[in-house]
Every structure is written in C-alpha cells, then in structure tokens.
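# Examination of the molecular architecture
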Amino acid sequence: MVAKTKKQTGKSPATQTDRDRSPLVSPPGKSNVRRPGREGKAFNSTHSNGLSGIRHKLGLTPSAAAKLGITLLLGKYHLTQLFENDRHFSHLSNLEKEMAFRTEMGLYYSYYKTIIEAPSFLDGLHMVMNDRLTEHPLVINTLKRFNLYPEVVLASWYRMYTGVMAYFGIPTKMCWSINRGEGLTPVDSCEGMGDPAYFYVTCVFLLNGMMMSIFFMYGSYLSGSRLGGVITTLCFFFNHGESTRVMWTPPLRESFAYPFLVLQMLLLTYILRRTAMVALGISNLCFMLPWQFAQFVLLTQVASLFASYILGYLAAAKMQSILVTHMITLGVCFVLMFGNSMLLTSFYASSLVSIWVSWRLLYCICLVMQGLAWVCSTVLLKFLLSTVLGASDDAHISGLIKSKFTSYKDFHTLMYTCAAEFDFMELEVNSVPLSELKFVSLPLKDDDWLILVYHSLQLMAFAVLAILIMRLKLFLTPHMCIMASLICSRQLFGWIGEKFKQHTVVFAVLAIMAIQGMTNLQAQWAIIGEFSNLPQEELLDWIQENTRPNAVFAGAMPTMASVKLSTGRPIVNHPHYEDAGLRERTKLVYSMYSRMSGETVKRNLMKLGVDFFILEDSWCTRRTRPGCSMPEIWDIEDPQNVGKTPLCTHISRNSRPHFTTVFSNDIYKVLKVPKATKDLR
C-alpha cells in the first residue's frame, strides 16, 4: 500500500534531506499510474508614457481591473493544473522535480540552482559568469551565452523571499514522505514557495497568467470593445495547446520572453495612435534579454512597419521614432549581454541600419525601390558584418533557412530539421473566427487603417514563420486570437446593424467556437500522468557515488544537461546549440553514433579531455523518418564510411578494445575513455 505522511515544515531552503543531493535529469518517463497521496491542493502595472493611456482609453474602472486580476489568476491556475496533472509535480522528490526539466530546460535551471546554493548572491553570479563546468575545460560567461537574466532575477527573488521569511520565522514549505511503491525507496517531497523548483515554476506561471490579462487589454484596445478582449482571451484558451507550451516546458526562454512580446505589441499598437516610446523600449528590452530568437520576431515587426510606411499608412516621423527606439534597445541589450556578437550580426540589426540608410539616401526614388533596397542591403550587411567580426554562431540558422527552399543539408541542419517542431507546419483547424473584411469603403480613420494594415502584415509574417518552422506557431495562433477581437469592432462590422445585433452575431460565433474549443480544453485536462525515470535516476546516483567531482562527461545533449545539474560534474557539450564552437564539440562527441572506427572516435573524445562517455542505444537506432537516424545524418558528413555498421552498434555489444564499460542499465551505458594504452589492459 502506498502512503504519504507529513514529514516537516521548513522555514528556509536549509531544510533539505540527503536525497536532495542530485537534482535534474532529462529524458521523459511518465506512467499513467499515479501515486496516491494527500488530497486537495492586478494587473495594475501602469506606465505614465504608455499603459496608463491604454487604461484611460479603455476606461478601466476598479471593476474592470478586478476582471483583469481574475484573468491573471485563471491563466495561472490553468497552467499550474495542467503541469501538475502531467507530472504529479507535488509528489516528486527534489531529484525527480529537476529530472522533469528535460534537455535545455535543465541546463537553464542549473544556473538558478547555482545562484541560490552559493554562499551569497554575488558569489553565485560570479560562478555563472565564470563557469568551468558547462564546456570543460573552457571558462565561459554563461550570462552572455545563454540569456540567463530570468534565472538571475528569480534566484535573487528566491534568496530575498526565503531570507525574509526565515527572519520572521514564517514557514515557507511543507515536506512529506512519499512511498513510491513497487519496492522503491521512499522519497521526500516538498511544496511551497520555499521549495526552489516550486518557486521557479510558480513565477513562470504567474508571468504567463499576467499575459492573459494583457491579451484581454490587447483585444479590448484593438477592437474598441471589452467584448473584444473576451473574444481574444477565449480564443487563446480554446487553442491553448497550439498557442503555448509553457505548461509542459516552464524553463524554456520563450516562457519568459513571449509575455513581454505581447506587451510590446500592445504598446506598439498604442504608439501607432499616440506616443509611448519609453514603455516600448523597456518592453523591447524585456523581450530580447531572455531569448536568443527574439531578434527574428522583431525583424518581422520592423519589416511590417516598414511595409506600412511604404504603403503610405505610417508617417515618416513616427517610423523614425520607432526605429530609433529599436536601435537604442538593441544597443542596451548588446551591453547587458556583454557584447554578444549574435546581436550585432543578426538580420534584425542589419535591417535597422538598412532602413535608416535607404530612407535617408533613397528618399527620392519610388517607395517600391526602397523596399527592394532594404531587403538586399539587409542581407548583404548581415553577411558583411558576420565576415568582418568573424561571427558564425548563427550560421546554422542560415543553413536551416536554406534547407527549407533547396536540397541543402549538413550535420547541423539535420539536427534541426529531423525534429518535428522544426518541420513545415501541418494544416489544422483552429477555433478562431475567420472573417472576410472588406477594406473598401470602411469608415476608418487614418490611424485605424494603419493599425489594421500593420496587424494584417504582422499576421502574414507570423504565418510565414509558422509554415516554415512548426514550432513558431507560438506567434501565429495567439496573433490570430488577437485579430479575432476585430469582430467586435464597430468600425469594421458596424454594417451588421445596431450594437445589439452585432453582439448577437458575436455570441453566435463564440458559441460555434466553443464547440471545438471545449473539445480542445477537455483533451488537455484529460492528460493525467506522473513523471518517472528510474534508469536515469540510477545513472545519476552511480555518477555521484562512483566518480570524482572533476570527472568529465560527454554524451547526448539532453543527458549532459541532466548530468551537470544533478551531479555537478563537468561536461563538454550541452543542448544550447547557438554557438559555433559548441556545435563542433557536439559533432566530435556524436561521432560515437557514426560509422567511423573506434580508434578515431576515441581520439576525438581524448582530444576533448573526456573521462566518461554515456552511450544511449536509442540514439543509435531511433529514426523519426528516413534519413534522420544518427548514423544516416553522419552519412552526409562521412560518405566514405557509408554502408558500414555504426560504431555505437558494436560498442553496445562489446565496448573493448577501445573503451571499458563501467556502468549499464536498460537505457544507459557508461564507457570509460582511456587516457593511455595501459587502461585497456
């Protein structure tokens, strides 16, 4: 019989059990059988230069503010419950909670853990800025490389929170002893804001709950009706699985960045009528700092604005002001990211300069030529800057784009395109109202036309991104929800008749949407499982107990993130693929899954200073589609060995004479990499 008993009440993170010594891991492992246990379980930030104007425009009374608060709490509760249902997070040990943060999520979370466990906040900050574990033997500034400002902020909040609560003697978490059954040892599980993982995910879900309030404001402001805000919010909920994945992957960069993009676009919509450049710049910065891919989204925004200018809807003075704001924000972000070259060599940075130059030098020629000049100069300037600065960190992005339109493929490109989320988007039916808007003879003011044109262009840009890379539906579906609010606009749909008739039509459309929408929600609510990954738990326990603290590990990128977080051992490769040097390191490590000779692979690993290699048979045999198994990917880079049996197949049977097997279970095999010939005797 499985039982759960109350263990302790903690006042600070100091109350941890011996089991806490190894946290995260990566591969998923869930069962449909759950552990029985205990039962039950405003938005008012205004800015004098932006949101206050929106609030005044909407007439946000205390009653309306309360509705925004309800939207925030509803969004947070929805995300929390989905996450709890999927992971049974409240009943997991510290190790299992961190194991639930898979692949790059575990890498990001490890730096949060480093800071909160350091003697002081500044000591922790110094450790992540002078990291010796992530790319052994290199010392890297992870704050520069990995967009870790969210972890720095959350770690500082956590230290302040637990410090204040401990000072006043207020309990911050409740711990329990969980009997896992099946002959497994009991584990300690903690809930409450004093638990590091609980604090982390709660803050993420609160931020994304706040995003729901922003969606309500956005829809209301765009349509000129609070009913439009309701439409946008319900559309988002009805298409929740297609709009976000924060409920499954809280630590990903998009979980922190996307809410600020929604805020930034709301402020930009306001600016197109009035002015609020300071607020726009701040939201821009908050969007760019957490996410390395923010530059591509802002590129589409700048392109949409420039197209609006070329079409004659956006005034030159306002375009100039927005452009300057983007440039200043980019400069500030470059400084805060310690001179990250990817920012200066991005298409986004090149587009800003190109618009400015084409605007100033080519003003006398036709506007269509300005547009063509902008496209050409952006591409040329981007590659020129990359060449001059010797930056190739984003070269794989160019390869990925090239592969979408040609037959081009290489090792790094296939590492992306073989994943389903980077494939072309599949056509799906969403419960978003689609309306044919007749733009002729609509009684719109110039500013209204500008906003409509900009949002339409932005929607098309997001559609192109989503079609090319399915993962980027993150931008398309929510923007469709925002555009759906226009069905409540009197300017666009006043021809339906008086307000009562229009609202009747809106509610009829909403009822139709709800049929598929509720089906979508019920499908999400029906996901019930529990995280479990015993093979990886065995692996991490073995590493902790049987290897030196400075033993260096290599292997599959997701597993390496887990090894670093859970054991604190140095690793040579990891899942953050946006660095040219790291990609080459990973390629050397993954030669284990090629058809090369064992001696060649052994030399590659010895060159990196690897002590142990973690072999996973699934990486040798898994094939998502033809041409996408690791040996087949290697065939592109190593054609002379095509047709030979992959080395990993040989090693899984017998690791000698090149390596020595020191640990194995059903999933993992740890190979000792010899330092000299005598190690093989």
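Calculation criteria
- Residues numbered from 1 in each chain as written.
- Predicted model: local features only at pLDDT ≥ 70, side-chain atom pairs only at ≥ 80, totals over all residues.
- Heavy atoms only, no water.
- Helix = DSSP H or I, 4+ residues; strand = E, 2+ residues; numbered from the N terminus.
- Buried < 20%, exposed > 50% of the residue type's maximum accessible area, 1.4 Å probe, protein only.
- Axes fitted to C-alpha atoms, helices over the stretch in contact; angles between N-to-C directions.
- Parallel < 35°, antiparallel > 145°, perpendicular 65-115°, else oblique.
- Contact = heavy atoms within 4.5 Å.
- Nonpolar A, V, L, I, M, F, W, Y, C, P; charged D, E, K, R; others polar.
- UniProt positions renumbered as here; feature names shortened; annotations may be inferred.
- Salt bridge = Lys/Arg side-chain N within 4 Å of Asp/Glu carboxyl O.
- Disulfide = S-S within 2.5 Å.

## A word on unusual backbone geometry
Cis geometry is adopted by the peptide bond preceding proline 137, which originates at histidine 136 and carries an omega value of 5 degrees. You can see proline 137 is positioned in the loop between helix 5 (121–129) and helix 6 (142–145). With a phi angle near 55 degrees, histidine 88 is a residue other than glycine that sits in the positive phi range. If you trace the backbone, histidine 88 turns up in the loop between helix 2 (62–87) and helix 3 (94–99). The residue phenylalanine 338 is not glycine, and still its phi comes out positive at about 60 degrees. With respect to the helices, strands and loops of the structure, phenylalanine 338 is situated in the loop between helix 14 (316–336) and helix 15 (341–344). Judged by its relative accessible area of 35%, phenylalanine 338 is partly exposed.

## Here's the deal with the packing of helix 12 (residues 277–288) against helix 13 (residues 294–310)
Following both chains from N to C, one finds helix 12 and helix 13 inclined at 140 degrees, their axes separated by 9 Å at the closest point. Here helix 13 runs oblique to helix 12, going by the angle between their axes. The segment helix 12 lies against helix 13, with Asn284, Phe287 and Met288 engaging Ala294, Val297 and Leu298. Residues that form the contact of helix 12 with helix 13 fall into these classes: five nonpolar, one polar and no charged.

## Things to note about the environment of glutamine 295
Take glutamine 295: it is sitting in helix 13. The exposure class of glutamine 295 is buried, given its relative accessible area of 4%. Leaving out residues up to four positions away in the same chain, glutamine 295 has contacts with Met342, Ser346, Phe347 and Tyr348.

## Remarks on the UniProt feature "transmembrane region" (unreviewed entry) in the protein
Feature annotation in UniProt places "transmembrane region" (unreviewed entry) on residues 197–218, 256–272, 293–316, 322–349, 361–385 and 449–470, given in this structure's numbering. In the segment residues 256–272, helix accounts for 94% and strand for 0%; the C-alpha atoms at its two ends are 26 Å apart. In residues 322–349, the share of helix is 79% and the share of strand is 0%. The end C-alpha atoms are 14 Å apart.

## Describing the packing of helix 8 (residues 196–223) against helix 21 (residues 473–484)
Between helix 8 and helix 21, the shortest axis-to-axis distance is 8 Å and the interhelical angle comes to 45 degrees. Between helix 8 and helix 21, the angle falls in the class oblique. Of the residues in helix 21, those touching helix 8 at Phe215, Tyr218 and Leu222 are Pro478, His479 and Ile482. In the contact of helix 8 with helix 21, the residues fall into five nonpolar, one polar and no charged.

## Overview of the pattern of salt bridges
As enumerated under the stated definition, the model contains 14 salt bridges in all. Close ionic contact of aspartate 195 with lysine 97 constitutes a salt bridge, the shortest N to O distance being 3.1 Å. Of the two residues, aspartate 195 sits in the loop between strand 4 (187–191) and helix 8 while lysine 97 sits in helix 3, which places them 98 residues apart along the sequence. Among the residues examined, aspartate 195 registers a relative accessible area of 1% and is labelled buried. On the basis of relative accessibility, which here comes to 1%, the residue lysine 97 falls in the buried class. Here glutamate 135 and arginine 145 are joined by a salt bridge, their closest N and O atoms 2.4 Å apart. Of the two residues, glutamate 135 sits in the loop between helix 5 and helix 6 while arginine 145 sits in helix 6, which places them 10 residues apart along the sequence.

## So, the state of the cysteines
By definition, a disulfide is the covalent link that joins the sulfur atoms of two cysteine residues. Evaluation of the coordinates by the stated rule reveals three disulfides. At a sulfur-sulfur separation of 2.0 Å, the disulfide partner of cysteine 175 is cysteine 190. Every disulfide takes its handedness from the sign of the S-S torsion; for cysteine 175 and cysteine 190 that torsion is 100 degrees, giving right-handed. With cysteine 175 in strand 3 (residues 173–178) and cysteine 190 in strand 4, the pair connects residues that are 15 residues apart, well separated along the chain. Relative accessible area serves as the criterion here: at 0%, cysteine 175 is assigned to the buried category. Exposure remark for cysteine 190: the relative accessible area of 7% places this residue in the buried category. Two residues, cysteine 418 and cysteine 628, share a disulfide whose sulfurs are 2.1 Å apart. Note on the cysteine 418 and cysteine 628 pair: the S-S dihedral is about -80 degrees, so by sign convention the disulfide is left-handed. Highlighted residues: cysteine 418 in the loop between helix 19 (411–417) and helix 20 (446–468) and cysteine 628 in the loop between helix 28 (617–621) and helix 29 (630–637), separated in sequence by 210 residues. A relative accessible area of 10% means that cysteine 418 is categorised as buried. Owing to a relative accessible area of 10%, cysteine 628 belongs among the buried residues under this scheme.

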